[in-house]
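Observations on the model geometry
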Amino acid sequence: MREQYRSTALLESDLASTPMDQFARWFRDAASGGLREPNAMIVSTAAPDGRPSSRTVLLKHFDGRGFVFYTNYASRKGRELAANPYISLLFPWHGLARQVIVTGTASRIGRDETVAYFRTRPHGSQLGAWASAQSSVIASREELLRTYEELAARYPEGEQVPAPPEWGGYRVEPEAVEFWQGHENRLHDRLRYVRAGSVWQVERLSP
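Residues numbered from 1 in each chain as written. Predicted model: local features only at pLDDT ≥ 70, side-chain atom pairs only at ≥ 80, totals over all residues. Heavy atoms only, no water.

**Side note on the packing of aromatic side chains**
Where two aromatic rings form a pair, the distance of their centres and the angle of their planes describe that pair. Here is the rule we go by: Working definition: rings of Phe, Tyr and Trp (its six-membered ring) pair if their centres are within 6.5 Å, and the pair is stacked with planes under 30 degrees apart, edge-to-face with planes over 60 apart, and tilted otherwise. Numbered from the N terminus, helices here are DSSP runs of H or I no shorter than four residues, and strands are runs of E no shorter than two. The buried label goes to any residue with under 20% of its type's maximum accessible area, the exposed label to any with over 50%, and the partly exposed label to all in between, with areas taken from a 1.4 Å probe on protein chains only. Charge-over-ring placement is defined geometrically: NZ (Lys) or CZ (Arg) within 6 Å of the ring centre, and within 35 degrees of the ring normal.
Using the criterion set out here, one finds 17 aromatic pairs in the structure. When the centroid spacing of 5.2 Å and the interplanar angle of 85° are considered together, the rings of Y73 and Y170 count as edge-to-face. In this pair, Y73 sits in the loop between β4 (66-72) and α2 (76-83) while Y170 sits in strand β7 (residues 167-181), placing the two residues 97 residues apart along the sequence. With 6.2 Å between their ring centres and 10° between their planes, Y117 and W167 make a pair best called stacked. Of this pair, Y117 sits in helix α3 (residues 111-118) while W167 sits in strand β7, and the two are 50 residues apart along the sequence. Across the pair, exposure class does not vary: Y117 and W167 are buried alike. An aromatic cluster is built from F23, F27, F62, F67, F91 and W93, whose rings are joined through pairwise contacts. The ring of W26 carries the charged tip of R98 above its face, separated from the ring centre by 4.1 Å. The ring of Y73 has R108 sitting right over it, with the charged end atom 3.7 Å from the ring centre.

**What about the pairing of strand β5 (residues 86-93)?**
For clarity, the cut-off: Between any two strands, pairing holds if DSSP finds at least two bridges.
Only one face of β5 is buried, namely the one carrying I87, L89, F91 and W93, since none of Y86, S88, L90 and P92 on the opposite face is buried. Bridge count between β5 and strand β6 (residues 98-108): 8 bridges; the pairing is antiparallel. Bridging across to β6, P92 finds its partner in Q99. Connecting β5 to the antiparallel partner β6 that follows it, the hairpin turn spans 4 residues, and A97 within it adopts a positive phi of roughly 55°.

**Observations concerning the pattern of salt bridges**
Inclusion rule: Throughout this description, the term salt bridge denotes a Lys or Arg side-chain nitrogen within 4 Å of a carboxyl oxygen of Asp or Glu.
For the structure on display, the rule yields 10 salt bridges. A salt bridge links R98 to D29, with the nearest nitrogen and oxygen atoms 3.0 Å apart. Residue R98 is found in strand β6, and its partner D29 is found in helix α1 (residues 19-32); the two are separated by 69 residues along the sequence. The exposure class assigned to D29 is partly exposed, which follows from its relative accessible area of 34%. Put simply, E80 and R76 hold a salt bridge, and the shortest N to O gap is 2.9 Å. Here E80 pairs with R76, and both are found in helix α2, just 4 residues apart, close to one helical turn. With a relative accessible area of 38%, R76 lands in the partly exposed category. Each member of the salt-bridge network shares a partner with another, and the members are E12, D189 and R204.

**Overview of the pairing of strand β8 (residues 189-196)**
As paired strands, β7 and β8 are joined by 6 bridges and run antiparallel to one another. Residue W180 lies in a different strand from β8, and its bridge partner there is R190. Across 6 bridges, β8 lies against strand β9 (residues 199-204) in antiparallel orientation. Residue pairing for β9: V194 is matched across the bridge by Q201.

**Quick look at α3**
An α-helical turn contains 3.6 residues, so a residue and the one three or four places further along point in the same direction. The line we're drawing: The arc refers to the directions leading from the helix axis to the C-beta atoms.
Considered for burial, the residues of α3 that qualify are T114, Y117 and F118. All buried residues of α3 project into a common sector of 100° when viewed along the axis, lining one side.

**What to know about the layout of surface pockets**
Where we set the bar: With a 1 Å grid laid over protein atoms only, a set of points is called a cavity when a 1.4 Å probe fits there but cannot get out and a pocket when it is open yet has protein on both sides within 12 Å along at least five of seven lines; lining residues have an atom within 4 Å of a point. Grid points are joined across faces, edges and corners, and a volume is the space filled by probe spheres set on the points.
Counted as a void, the largest pocket has a volume near 420 Å³. Lining the largest pocket are 20 residues, with V57, Y70, T71, K77 and Q134 sitting closest to its centre. If you tally residues by element for the lining of the largest pocket, the top one is strand β2 (residues 52-58), at 5 residues.

**Concerning unusual backbone geometry**
For A97, which is not glycine, the phi torsion reads 55° and is therefore positive. Position of A97 among the secondary structure elements: in the loop between β5 and β6. Non-glycine residue R186 carries a positive phi angle of around 60°. On the secondary structure map, R186 appears in the loop between β7 and β8.

Below, the structure written as structure tokens:
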């Protein structure tokens, strides 16, 4: 189950001046390259005892300040981030033989920004955010569906659904961003931006 990656070399001279600009370039490539859900990323957090946990989350926005995703603040990742804000994001763009690995810190975004995004979600997704006490134990799927149907009766299609108080966004401010390009014979390119004060330095890692 091995694959020989055949790709163009990634050189330091090819990189944008900041990791967010370089991410924007690669994200455009992923989006135009036919990859399914290129905004899907593996979000890894750690419990207070150091045990890691990972799950797939959808990136909803990125800019010069970082990467934004939304979740229930009472979920496992929300509880872990409350105790330990350090976080890792992994974008596994296998179809392009590329990965982007982000390490940094997560902080809650403003409530106004959360509400504005919540109003853009499909009606069913808005109800789902209320119906699910994310990461908590429930008796059955029927219980979840019953809660959803009760909410659908209370907030029919076309009626504004308020954003749940325990639901909102996180912005991940990167401290390091690695761009990984696969090559044949496992001689991959790994170029990592590392924040040094107000500037970014680039270092090459051995594959």
